[in-house]
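Chain and residue survey
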Amino acid sequence: MSRMLIADDQDGIRTMLAQVFTNMGVDVDTAQDGISAWEFLEREQYDLVLLDMNMPRMFGHEVLRRMREKPLDTPVMIMTAFGEETVIEEVRRLGIAAQFEKPFDIYGMIGKVKEVLKI
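Below: a short report on this structure.

One pass over the structure, following the stated rule, counts 11 salt bridges. Note that Arg3 and Asp29 form a salt bridge whose closest N and O atoms lie 2.9 Å from each other. With Arg3 in strand S1 (residues 3-7) and Asp29 in strand S2 (residues 27-31), this residue pair connects regions lying 26 residues apart in the sequence. For Glu62, the salt bridge identified is with Arg66, shortest N-O distance 3.2 Å. Separated by 4 residues within a single helix, Glu62 and Arg66 lie in helix H3 (residues 60-69), roughly one turn from each other. The exposure class of Arg66 is partly exposed, given its relative accessible area of 31%. Taken together, the shared-partner salt bridges connect Arg3, Asp27, Asp29 and Glu44 into one network.

Another aspect to go through is the pairing of strand S3 (residues 48-52). Of all 5 residues in S3, 5 are buried, a share of seventy percent or more. Going residue by residue along S3, you find Leu48, Leu50 and Asp52 tucked away on one face and Val49 and Leu51 tucked away on the opposite face as well. Pairing of S1 with S3 involves 4 bridges; the strand directions are parallel. Within the sheet, the bridge partner assigned to Met4 lies in S3 and is Leu48. Pairing analysis gives 4 bridges linking S3 to strand S4 (residues 76-80), with the strands arranged parallel. Residue pairing across strands places Asp52 opposite Met79, the latter belonging to S4. Regarding topology, H3 serves as the crossover connection from S3 to the parallel S4, and that connection is right-handed.

The next point concerns the sheet that holds S4. The 5 strands are arranged S2-S1-S3-S4-S5 in an open sheet whose pairing can be described as parallel. Two strands bound the open sheet, and with one partner strand each, they are S2 and strand S5 (98-101). Across this sheet, the average inter-strand angle for adjacent strands is 15 degrees, counted without regard to direction.

The next point concerns the environment of Glu85. Note that Glu85 resides in helix H4 (residues 85-94). Residue Glu85 is classed as partly exposed on the basis of its relative accessible area, which comes to 46%. Separated by 26 residues in the primary sequence, Glu85 and Phe59 have C-alpha atoms spaced 15 Å apart.

Side-chain alternation along S5 places Ala98 and Phe100 on a buried face and Gln99 and Glu101 on a face that remains uncovered. The sheet contact formed by S4 and S5 spans 4 bridges and is parallel. Counted as the bridge partner of Met79 is Phe100 from S5.

What counts, and where the lines are drawn
- Residues numbered from 1 in each chain as written.
- Predicted model: local features only at pLDDT ≥ 70, side-chain atom pairs only at ≥ 80, totals over all residues.
- Heavy atoms only, no water.
- Salt bridge = Lys/Arg side-chain N within 4 Å of Asp/Glu carboxyl O.
- Helix = DSSP H or I, 4+ residues; strand = E, 2+ residues; numbered from the N terminus.
- Buried < 20%, exposed > 50% of the residue type's maximum accessible area, 1.4 Å probe, protein only.
- Pairing = 2+ DSSP bridges.
- Right-handed = clockwise from strand over helix to strand, strands pointing away.
- Axes fitted to C-alpha atoms, helices over the stretch in contact; angles between N-to-C directions.

Okay, structure coming up:
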């Protein structure tokens with residue numbers, strides 16, 4: 001079974017994504033902020049991480065930077081709000097599997113998750 005971490009500070013988005021991917025047979029953990037996401041990543045192994053870029057306590061790009069320094073080569077998909085071009089450039093340099101701008105197309109995200117997880 002594939003394992004995925006979803007990190008987003010918006011409860012509705014986090015819950016909806018967790019439900020969608022759990023229903024697809026993916027084992028999902030969720031984090032409400034960057035610190036919580038990093039704590040999961042220090043103790044668990046994932047096949048995919050879905051990161052919101054603008055979270056409290058630690059931004060998503062900082063979580064990604066720490067992952068790459070560790071080094072964790074886990075595929076990462078990011079969710080961004082309109083106008084975060086500087087952050088997007090940084091995370092592209094760090095290596096991401098996909099980028100989704102909020103509000104995102106859930107079907108496009110599902111397709112990319114299936115592709116990355118090979119399910």
